[in-house]
Amino acid sequence: MRYTFSDQLLYVLAAMADYNRRSFSVHLAVAVPGDPRLTKYRRQILKYIKNKNRQKIYSTYDYLKRRNYFIEEKSNGVTKIIITEKGKMKILKIKNGEFNAKKLPSEKSLIVFFDVPEKLRKHRTFLRLMLKQLNFERVQKSVWQSPYDSLKQLKEIINELSLNKFVQIIEAKRIKI
């Protein structure tokens, strides 16, 4: 899956915010240790730095900030980047776009049940979108089934959205009748 430069920069910024709570620097953002998936995004950003196209990086940075994917918090002369709820959802989409799960054995499947309250409608809608992206099929409005082993990604999404109380995951085995 191909990502826009703004998606790549947001992903690197989020990693920087997670690993390093100091001020923003393009060079620091590309030097953050951690997730090996960031390497390809770092290379892309380094390419723009080497080509002296820093303006594109800063204009993309401002674009993401205007779209409320993150906010800057300044204290004691240090600027911190705080990823907003909207930014976290976008990052989850980027992470799960690289989804490559193995199939479960033919008689097994993963089933997700959820009952998310109306006041968390945005989270519920986003959960449905992510279930589709993880190759789940809708059985009923709030019951989804998948033959793929996507438990790790699913747990990450549920924890990130704080929906633990409202979601149940079951690994089921089919019984022939």
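What counts as what
- Residues numbered from 1 in each chain as written.
- Predicted model: local features only at pLDDT ≥ 70, side-chain atom pairs only at ≥ 80, totals over all residues.
- Heavy atoms only, no water.
- Helix = DSSP H or I, 4+ residues; strand = E, 2+ residues; numbered from the N terminus.
- Contact = heavy atoms within 4.5 Å.
- pLDDT = per-residue confidence, 0-100.
- Salt bridge = Lys/Arg side-chain N within 4 Å of Asp/Glu carboxyl O.
- Buried < 20%, exposed > 50% of the residue type's maximum accessible area, 1.4 Å probe, protein only.
- Phe/Tyr/Trp six-rings, centres within 6.5 Å; stacked < 30°, edge-to-face > 60°.
- Lys NZ or Arg CZ within 6 Å of the ring centre and 35° of its normal.
- Patch = residues over 30% accessible without salt bridge, like charges linked within 9 Å, V, L, I, M, F, W, Y side chains within 5 Å.
- Areas by Shrake-Rupley, 256 points an atom, 1.4 Å probe, with all protein chains shown as cover.
- Lys, Arg positive; Asp, Glu negative; His and termini not counted.
- Charge placed at Lys NZ, Arg CZ, Asp CG, Glu CD.

*Asks:* How should I be thinking about the environment of I158 in this particular structure?
*Replies:* With respect to the secondary-structure elements, I158 resides in helix α7 (residues 151-160). Separated by 10 residues in the primary sequence, I158 and Q168 place their C-alpha atoms 10.0 Å from one another. Apart from residues no more than four positions distant in its own chain, I158 is found in contact with L127, L163, N164, V167 and I169.

*Asks:* Help me understand the confidence of the model for the chain, please; the structure alone is not making it clear to me.
*Replies:* It should be kept in mind that the predicted coordinates are not to be read in detail where pLDDT is low. Per-residue confidence for the chain averages 76 on the pLDDT scale, and 73% of its residues sit at or above 70. Mean pLDDT across the elements of the chain ranges from a minimum in helix α2 (residues 26-30), with 45, to a maximum in strand β5 (residues 143-146), with 92. A low-confidence stretch, residues 19-33 stays under pLDDT 50, and its non-local contacts, those more than four residues away or across chains, total 42 contacts.

*Asks:* Just checking my understanding: could you explain the pattern of salt bridges for this structure?
*Replies:* Close approach of charged atoms allows side chains of opposite charge to pair. Under the criterion given, the structure shown has four salt bridges. E118 is the partner of R124 in a salt bridge, and the nearest nitrogen-oxygen pair spans 3.2 Å. Residue classification places R124 among the buried residues on the basis of a relative accessible area of 13%. Residue E118 is classed as partly exposed on the basis of its relative accessible area, which comes to 48%.

*Asks:* Quick question: what am I supposed to make of the packing of aromatic side chains here?
*Replies:* Given two aromatic rings, one states the distance between the centres and the angle between the planes to describe the pair. If you walk through the whole model with that rule in mind, you get one aromatic pair. Measuring from ring centre to ring centre gives 4.9 Å for Y61 and F70, while their planes differ by 50°; the resulting arrangement is tilted. Across the pair, F70 and Y61 agree in class, each one buried. Here K86 stacks its cationic end above the ring of Y69, 5.1 Å away from the centre of that ring.

*Asks:* How do you make sense of a positive patch on the surface when you look at a structure like this?
*Replies:* Side chains of R66, R67, K86 and K122 sit close together on the surface and give a patch of like positive charge. Within the secondary structure, R66 is located in helix α4 (residues 54-66).

*Asks:* What is the right way to read the environment of S142 from this model?
*Replies:* Relative to the elements of secondary structure, S142 occurs in the loop between β4 (137-140) and β5. C-alpha separation for the pair S142 and V116, spaced 26 residues apart in sequence, amounts to 8.9 Å. Once residues within four sequence positions are removed from consideration, S142 is found in contact with V112, F113 and F114.

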